[in-house]
Amino acid sequence: MDQYHWVPFWPRTAALNAVVVNNLYIAELGLCGLIIAMVVGMMMTFCVRYRQGSTVSRADRVKKTWHWEITWTTATLVAFLVLFCWGASIYIWLFKTPPGDIEIYVVAKQWMWKFQHPGGQREIDTLHVPVDKTIRLVMASQDVIHSFFVPAFRVKRDVVSGTYETIWFKATKTGTYQIECSQFCGVQHATMKGYVVVMTPADYAAWLTSHGIRESLALQGEALFRQYGCSGCHGANSTVHAPTLVGLYGSIVHLQNGGAVRADERYIHDKILMPNEQIPAGYPSNVMPSFAGQISEDNILKLVAYIQSIGSQEFSR
Amino acid sequence: MTTIAIDLPRNYATEENTIVSWLFTKDHKRIALLFFASITFFFFIGGFAATMIRLHLATPGGLLQPSVYNRMFTVHGVMMVWFFLIPSIPNTFGNFFLPMMIGAHDLAFPRVNLLSWYVFNLSGLVLLYALVMGGIDTGWTFYPPYSTQYASGYVFAAALAVFINGFSSIMTSLNFVVTTHRLRAPGMTWLRLPLFVWAMYSVSIVMLTATPVLAMDMFLLCVERFIGVGMFDPSRGGDPILWQHMFWFYSHPAVYIMILPAMGVVSELISCYARRPIFGYLGMVMALMAIAIISFFVWAHHMFVAGISIYSAVVFSLLSFFVAVPSAIKVFNWTVSLHKGSIVFDAPMLYALGFVLLFTIGGLTGLIVATLAVDVHVHDTYFVIAHFHYIMVGGTVSAFFGGLHYWWPKMTGRFYPESWARFAATLTFVGFNLTFFPQFILGYLGMPRRYYTYVPAWESWNLLSSAGASILAVAYALPLFYLGWSLLYGRRAGPNPWGATGLEWTTPSPPPTHNWELTPTVKLGPYSYNPEDGSYITQDGVKHAYV
Ligand SMILES: [Cu+2]
Ligand SMILES: [Cu+2]
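Residues numbered from 1 in each chain as written. Chains lettered and ligands numbered in written order. Predicted model: local features only at pLDDT ≥ 70, side-chain atom pairs only at ≥ 80, totals over all residues. Heavy atoms only, no water.

Right, let's talk about the interface of chain B and chain A for a bit. Each partner contributes residues to the interface: chain B has 90 residues there, and chain A has 81 residues. Approximately 7600 Å² of surface area, both sides summed, lies buried where chain B meets chain A, with 71% of it carried by carbon and sulfur atoms. Of all residues in chain B, Lys340, Tyr444 and Tyr451 of chain B give up the largest surface area on contact with chain A, accounting jointly for 9% of the area buried on that side. Linking chain B to chain A there are 0 salt bridges. If you look at where chain B meets chain A, you find 22 residue pairs in polar contact (both at pLDDT 80 or more). Counting only elements with at least two residues in the side of chain B that touches chain A, the list comes to helix 3 (66-101), helix 5 (146-150), helix 8 (240-274), helix 10 (310-336), helix 11 (347-370), helix 12 (372-378), helix 14 (418-445) and helix 15 (459-489) of chain B. Examining the composition of the side of chain B that touches chain A, we find that 17 residues originate from one element, helix 10 of chain B, more than from any other. Class assignment for the residues of the side of chain B that touches chain A results in 58 nonpolar, 24 polar and 8 charged. (Contact = heavy atoms within 4.5 Å. Buried area = accessible area lost by both parts, 1.4 Å probe. Salt bridge = Lys/Arg side-chain N within 4 Å of Asp/Glu carboxyl O. Polar contact = N/O pair within 3.5 Å; in protein donor to acceptor, adjacent residues only side chain to side chain. Helix = DSSP H or I, 4+ residues; strand = E, 2+ residues; numbered from the N terminus. Nonpolar A, V, L, I, M, F, W, Y, C, P; charged D, E, K, R; others polar.)

To continue, consider the sheet that holds strand 2 (residues 536-537) of chain B. All names here are of chain B. In spatial order, the strands read 1-2-3; together these 3 strands make up an open sheet with antiparallel pairing. Every interior strand has two partners, whereas the edge strands, strand 1 (528-529) and strand 3 (543-544), have only one. Where strand 2 lies against strand 3, 2 bridges are found, and the strand directions are antiparallel. Across the sheet, the residue bridging to tyrosine 536 is histidine 544, located in strand 3. (Pairing = 2+ DSSP bridges.)

Further remarks concern the coordination of the copper ion (ligand 1). All names here are of chain A. Here the copper ion (ligand 1) is held by the protein donor atoms His146 (ND1), Cys181 (SG), Cys185 (SG) and Met192 (SD), which lie 2.0 to 2.4 Å from it. Coordination at the copper ion (ligand 1) is tetrahedral, judged from the 4 donor atoms that bind it and the angles of 91 to 131 degrees they form at the metal. Separating the copper ion (ligand 1) and the copper ion (ligand 2) is a distance of 2.6 Å, and cysteine 181 donates to both of them. Placement of the pair is cysteine 181 in strand 9 (residues 175-181) and methionine 192 in the loop between strand 9 and strand 10 (194-199), with a sequence separation of 11 residues. Judged by relative accessible area, which is 0%, cysteine 181 ranks as buried. (Donors = N, O, S within 2.8 Å, 3.2 Å for Na, K, Ca; no water. Tetrahedral: all angles 85-135°; square planar, octahedral: opposite > 155°, others 65-115°. Buried < 20%, exposed > 50% of the residue type's maximum accessible area, 1.4 Å probe, protein only.)

All right, on to the packing of aromatic side chains then. For the structure shown, the criterion picks out 74 aromatic pairs over all chains. Here tyrosine 204 of chain A and tryptophan 207 of chain A contribute two aromatic rings whose centre-to-centre distance is 6.4 Å and whose plane-to-plane angle is 15 degrees, an arrangement assigned as stacked. Of the two residues, tyrosine 204 of chain A and tryptophan 207 of chain A both sit in helix 3 (residues 201-210), 3 residues apart, roughly one turn of that helix. Given a relative accessible area of 8%, tyrosine 204 of chain A falls into the buried group. Tryptophan 207 of chain A gets classed as buried once you look at its relative accessible area, which sits at 9%. One residue, arginine 157 of chain A, lies across the ring of phenylalanine 95 of chain A, its end atom 4.4 Å from the ring centre. The ring of tryptophan 22 of chain B has arginine 30 of chain B lying over it, and the distance from NZ or CZ to the ring centre is 4.3 Å. (Phe/Tyr/Trp six-rings, centres within 6.5 Å; stacked < 30°, edge-to-face > 60°. Lys NZ or Arg CZ within 6 Å of the ring centre and 35° of its normal.)

Phe153 of chain A together with Trp82, Phe142 and Trp334 of chain B are the most contacted members of the largest nonpolar core, which has 269 residues in total. With 21 residues, helix 8 of chain B is the largest single contributor of residues to this core. Beyond its immediate stretch of four places on either side in the chain, phenylalanine 153 of chain A contacts Ala14, Ala15, Asn17, Ala18, Phe169, Ala171, Tyr177, Val196 and Val198 of chain A. In this structure, Tyr105, Tyr249, Leu255 and Tyr306 of chain A belong to the second largest nonpolar core, which totals 30 residues. (Core = buried A, V, L, I, M, F, W, Y, C linked by side-chain atoms within 4.5 Å.)

Okay, the environment of valine 178 of chain B next. Residue and element names in this part refer to chain B. Following the sequence through the fold, valine 178 ends up in helix 6 (residues 155-182). Classification of valine 178 as partly exposed rests on a relative accessible area of 23%. A sequence separation of 343 residues divides valine 178 from threonine 521, and the C-alpha atoms of the two residues are 20 Å apart. If we ignore the near neighbours within four places in the chain, the residues touching valine 178 are Ala108, Phe109 and Leu183.

Moving on to helix 10 of chain B. Along an α-helix, residues three or four apart share an orientation, since each turn contains 3.6 residues. For helix 10 of chain B, spanning 27 residues, the distance from its first C-alpha to its last is 40 Å, which sits close to the expected 39 Å at 1.5 Å a residue. Taking burial as the measure, the 27 residues of helix 10 of chain B include 21 buried ones, the bulk of the element. (Expected span 1.5 Å × (residues − 1).)

Residues and elements named next belong to chain B. When the terminal C-alpha atoms of helix 3 are compared, their 49 Å separation across 36 residues agrees well with the 52 Å that a helix rising 1.5 Å per residue should span. At proline 87, helix 3 shows its largest kink, close to 60 degrees. In terms of burial, helix 3 is largely enclosed, as 34 of its 36 residues are buried. Phi for glycine 103, located one or two positions after helix 3, is positive at around 80 degrees. (Bend = angle between axes of the 7 residues up to and from the residue.)

Residue and element names in this part refer to chain A. Listed as protein donors to the copper ion (ligand 2) are Cys181 (SG), Gln183 (O), Cys185 (SG) and His189 (ND1); their distances from the metal cover 2.1 to 2.4 Å. Coordination at the copper ion (ligand 2) is tetrahedral: its 4 donor atoms span angles of 90 to 128 degrees at the metal. Here the donor residues of the copper ion (ligand 2) share one chain and are spaced in sequence as C-x1-Q-x1-C-x3-H.

Right, let's talk about the confidence of the model for chain A for a bit. Overall, the prediction assigns chain A a mean pLDDT of 87, with 95% of residues at 70 or greater. Considering only residues more than four positions removed or in separate chains, one finds that residues 313-317 of chain A, a stretch of pLDDT under 50, has 6 contacts. (pLDDT = per-residue confidence, 0-100.)

Turning our eyes to something else, we now look at unusual backbone geometry. Omega for the peptide link from glutamine 110 of chain A to tryptophan 111 of chain A comes to -10 degrees, which places this bond in the cis form. Tracing the backbone shows tryptophan 111 of chain A in the loop between strand 1 (102-109) and strand 2 (112-116). Following serine 509 of chain B, the chain continues into proline 510 of chain B via a peptide bond in cis, with omega recorded as -15 degrees. Within the element layout of this structure, proline 510 of chain B appears in the loop between helix 15 and strand 1. Positive phi outside glycine occurs at arginine 154 of chain A, with the angle close to 55 degrees. Residue placement: arginine 154 of chain A occurs in the loop between strand 6 (146-150) and strand 7 (155-159). On the basis of relative accessible area, arginine 154 of chain A is assigned to the buried category, the value being 0%. Although it is not a glycine, phenylalanine 142 of chain B sits at a positive phi angle of roughly 50 degrees. For phenylalanine 142 of chain B, a relative accessible area of 0% translates into the label buried.

Attention now goes to the side chain of serine 168 of chain B. Residues and elements named next belong to chain B. Along the chain, serine 168 turns up in helix 6. The exposure class of serine 168 is buried, given its relative accessible area of 2%. Among all residues touching serine 168, those that are not within four sequence positions of it are Phe35, Asn91, Ser116, Val119 and Phe120.

Residues and elements named next belong to chain A. Counting buried positions over the 7 residues of strand 9 gives 5, a clear majority of the element. Two elements, strand 6 and strand 9, share 2 bridges in a ladder whose sense is antiparallel. Each bridged residue has a counterpart across the sheet, and for phenylalanine 149 the counterpart in strand 9 is glutamate 180. As judged from the 5 bridges shared by strand 9 and strand 10, these two strands associate in the antiparallel manner. Bridged to threonine 176 within strand 10 is valine 197.

What follows concerns the side chain of glutamate 297 of chain A. Checked against the element boundaries, glutamate 297 of chain A lands in helix 7 (residues 297-316). Glutamate 297 of chain A has contacts with Val107, Ala140, Ser141, Gln142, Tyr164, His269 and Leu273 of chain A, leaving out every residue within four places of it along the chain.

As a further point, take the domain arrangement of chain A. Residue and element names in this part refer to chain A. In terms of domain boundaries, chain A breaks down into domain 1 (102-210) and domain 2 (217-310). Once you take the C-alpha centre of each, domain 1 and domain 2 turn out to be 26 Å apart. Taken together, the contact between domain 1 and domain 2 spans 20 residues of the former and 15 residues of the latter. Of the roughly 1500 Å² buried between domain 1 and domain 2 on both sides combined, carbon and sulfur atoms contribute 49%. Sorting the residues of domain 1 by area buried against domain 2 places Tyr105, Gln116 and Tyr164 first, and these three jointly supply 44% of that buried surface. For the pair domain 1 and domain 2, the number of links is 3 salt bridges. (Domains from an automatic or database assignment.)

Next comes the structure, spelled out in structure tokens:
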């Protein structure tokens, strides 16, 4: 929990990304401070020196103004471009999600965070993770837009209804850190909170076992795959002209309309809900039914986990 | 001192002074005052909501029910944005002084101008209906799918109100553009226009082009609420992000709709009270136009964490840095305009200097939020709240009060009490910083916006902010009293009490119905002040000695 001894000025810094953002922020504060000091300094000096009634000479005022303006503009532009590049490079690094050491599925709904670990452990509003590991979150919303925000990690990502959003972090200090929802999502928006508990690897392993190795997500997904009749079309001995899903995850799918997409979580998710949006080349449209409204986001995540698991089998072969 | 017992000449306000004549007036000056009454009313409703918000947030426990709190911040946003800030300066001072500054006898379309006021009030009534019936809790941004499928309350009515309100904006801005093009007095070339006129012109172009997008947006929201075709509903193939694109395509330029007029006012004030020509007139004009144009290409910086493509985010960040460049030029030029001036610290100047400082802080923190990686942290936190209040309230509202005091003698023929006004201006500055500076710290600490409750660690800053807000409330209420008093008892003002150079000061105070008997001829550009002997030349070419 965020405990402070005195009035807090600065959030805790507990992730790889947080350190990087802090540095940039401090540099920006420095630059802002400098410019404000300059403006205030000039203003104060002029106001005192050239107040009405003071006897200093007002002759020879600067008439040609453009070279002042050009100098000032170039100076600010250069400073701005430096900040821009610095900020953009961190952002690209942060949002080009690397494959995580651990992938955790998150479902946001009014007003709670549900987490599902790969081993099948589930928790609500608390997320246990090991320190110094890249944790990748795949997030879906069951209703309105929420936003997953951990101030101590300086990461935030909207969880937009209808698609998957991914984000990663690498916690560097053990402890308990607040999760906030930063997008207004209804009456109890302010209480849609949670905690990330960052543990040592040993503690984490202990936590995993104490919370029972339930059926893994992928196994649960396999059951659903049969239950919803996906296997009837996509299974090995199906008669329907449907693509096999083995090896699909992570591959490039060529589409009927000529485009190509990577078969990531979002693609599979959209395929289940809006199958006719993107049709792989060589397959008929309007065969695969839409499952919108029939499968909850939790279950879609399990299906995705299953399809992902048979995808990686293929890769490892 | 002997009172100057001149009877006021017949003027726009006294001529045929009946209720009917006011309600059906086509005089731009009267319509300006009608708008003034309307927006003051809405300002105090929005201000009431703000007071409740700060009272509630003084402690984590709060005062209001969560649902009531959510309604309060929504009312505050909707009222302040569309019913105060956007019309504030254009529809009052713009309406009153744009024609006078260019030497016109009225706006190009006086009837449209009146219609704009009626449409504005109609939209206000629809919004009040929504409020009285139970209000809305979507925030002023109306993000779907919350607003379309989940929010209870009168979203339909509120969206309709904003939709109607847009027509008023469009009518007024169209009027301004045509007036500036067609009705300039002989000799009033484009580069002799006062910067306030340039500001009105550039803001009108932005309003005219951006507001239709808002109208489409609000219309679609109404359709969604009414029949639900699924424009923004992913389960039916719609896209909630589409709303955000359309909304910000209007609402980002809207930020500049709010600040450009303020920049115009402040340029007038600084030049007049520093008694020297504005530094870099041409640069100021180009900066205004540059801001107006670039403002259309930065909208997606509101969506850096909403899942837009990384590369588009990079482009929008870069463009957001670009829009800061002309703003930086303006700050620099205002400050240097004090150099070798002969500065008078009357209340309007205090507001103007306050504006420059607060706008600078607001603009610089704007760079911080435009920086991609930092925005990931501060987006949707109190940092952003503080940033845009520095611009909208510290900037625009300060300029509004500055302009109000500056033009008060012209509009009413009476002086305001100077020491009270200086006191109010100082109080505004102090109260404002106390209210909003702590919010930067809260924001970086991670307090998200629109929270009705928060962790105890954030209490001290919230309490300080609320304390500041009470000072600010007093500072904003004060003018209501002393300006009201001055209407009856204020000292009478002559045509040009501040020794200013604009054409509006060459007619009696208050001006006669058609501003001038004869159309004035313009001989030179604005701001011909000479700080060495205090003399100045009004734009009709008459040289005046120091007063
Ligand atoms: Cu939420
Ligand atoms: Cu929320």
